[in-house]
Amino acid sequence: MPHITSIANNKGGVAKTEITCQLAAALARTGKRVLVVDMDPQANATRRLGIDWDPTNPFVTMSEVIAAAQDGAGEAAVLACGWDAESAPEGERIDVLPSRFDLINRESEAGVVGASRRLTKALNGWIDSYDVVLIDTRPDLGHLVQMALAASDTVLIPCDPNFDSIEAAIRVRDFVSRHAADLMNPDLRIAGLVVTRRRLTAEHDYQIDGLNQEFGELVWKLGGLVKSEDGAELLNPNFIPEWSRFAEADAAATSLNAWRDRNSRKTVAIYDALADRFIRSLLGSEAAA
């Protein structure tokens, strides 16, 4: 069975979708097969993974999958990552369950019997060929997010070092602690917290100190010397910085690996370190070998 992780924070703008897509790419570069489930009606993960909605050639999305409320319903919606195979070959090991704006219609169906388990049912019976499933979520703790949590083994929290984002991360942690059993998923746990959009300012230093006090060992640190594909040694930062290349990859809907300059090597190294931490922490030593 694959390891299923929801990428969640109760605040927007903390790089949840960036983490989802570029972590998927980094895991794929290690040879892992990854399924990305887009549970956000904004459908940003869908677009960033190279899938565009064409009304003249429509495809099944998560709105129809969730509405079906049937075991295995997600299999009919799987699409291959649309990244260019030459510039981003890791995309060949990524599949997507795409979203569209009408997924928001499922939010009002929380009162339907078994509603929180509909994503779990949709994934039943066909995902064993994947090593990892990453679920991109909305910036809240509503019904769509609860479906994602009910289907997950763990939660990974992206968080920029600002007060409101940290408060929102605490809400996710506390929600999981208090309500995992209510979602019929009592073993759900927080896997870790990834600091994003870090700037070298006194305020960010202060907020990161607070994060370390609040979350302790759950704060994943990525730093250290790493080697890029060309053999160059790079000093990885502990946390994901606010660099323009991340925004460029998001806008271009491609992997950070699609560039071949030094900035690309540095950004790829950061996400490769994140994938390494993910594998060591969540997939076990056998999977990492």
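For every chain, the first residue of its written sequence is number 1, and the numbers climb from 1 along that sequence. The model is predicted, so local features are restricted to residues of pLDDT at least 70 and side-chain atom pairs to those at 80 or more, both for listing and for counting; the totals for chains, interfaces and linings are taken over all residues. The side-chain values count all of the structure's non-hydrogen atoms but skip hydrogen atoms and water molecules.

### Here we look at the sheet that holds strand β1 (residues 3–7)
Stage number 1. Any two strands with at least two DSSP bridges between them are considered paired. Counting from the N terminus, the helices are the DSSP runs of H or I reaching at least four residues and the strands are the DSSP runs of E reaching at least two. Taken together, 7 strands build an open sheet; the order of strands is β3-β4-β2-β5-β1-β6-β7 and the sheet is mixed. Two strands in the sheet have a free side with no partner beyond their single neighbour: β3 (79–80) and β7 (189–195).
Stage number 2. When strand β2 (residues 34–38) meets strand β4 (residues 94–97), the two strands line up parallel, connected through 4 bridges. Residue pairing across strands places valine 36 opposite valine 96, the latter belonging to β4.

### Some words on the side chain of threonine 154
Stage number 1. Its location among the elements puts threonine 154 in strand β6 (residues 154–159).
Stage number 2. Overall, the relative accessible area of 1% leaves threonine 154 in the buried class.
Stage number 3. Of the polar contacts made by the side chain of threonine 154, one reaches the side chain of histidine 3; its length is 2.8 Å.
Stage number 4. What makes two residues a contact is simply this: any of their non-hydrogen atoms within 4.5 Å. Once residues within four sequence positions are removed from consideration, threonine 154 is found in contact with His3, Ile4, Thr5, Ser6, Leu188, Arg189, Ala191 and Leu282. Only protein chains enter the area calculation, which uses a 1.4 Å probe; residues under 20% of their type maximum are buried, those over 50% are exposed, and those in between are partly exposed. Residues adjacent in sequence count toward polar contacts only when both atoms are side-chain atoms; beyond that, a polar contact is any pair of N or O atoms within 3.5 Å, and within protein one must be able to donate a hydrogen and the other to accept it.

### Some thoughts on the packing of aromatic side chains
Stage number 1. By convention, a stacked pair of Phe, Tyr or Trp rings (six-membered ring in the case of Trp) has centres within 6.5 Å and planes under 30 degrees apart, an edge-to-face pair has planes over 60 apart, and any other such pair is tilted. For the structure shown, the criterion picks out 4 aromatic pairs.
Stage number 2. Between tryptophan 53 and phenylalanine 59, the ring centres sit 4.9 Å apart and the planes meet at 70°, which makes this aromatic pair edge-to-face.
Stage number 3. For tryptophan 53, a relative accessible area of 33% gives the class partly exposed.
Stage number 4. Centroid distance phenylalanine 246 to tyrosine 271: 6.0 Å. Interplanar angle 70°. Geometry classified as edge-to-face. On the criterion of sequence distance, the pair formed by phenylalanine 246 in helix α8 (residues 244–252) and tyrosine 271 in helix α9 (residues 262–288) is long-range, its members being 25 residues apart.

### A short note on the layout of surface pockets
Stage number 1. Taken as a whole, the second largest pocket holds about 240 Å³ of empty space.
Stage number 2. Within the lining of the second largest pocket, the residues separate by chemical class into 9 nonpolar, 5 polar and 3 charged. Think of a 1 Å grid over the protein atoms and nothing else: a 1.4 Å probe that fits but is trapped marks a cavity, an open set flanked by protein within 12 Å on at least five of seven lines marks a pocket, and residues with an atom within 4 Å of a point count as lining. Grid points are joined across faces, edges and corners, and a volume is the space filled by probe spheres set on the points. Ten residue types, Ala, Val, Leu, Ile, Met, Phe, Trp, Tyr, Cys and Pro, are classed as nonpolar, four, Asp, Glu, Lys and Arg, as charged, and the remainder, Gly among them, as polar.

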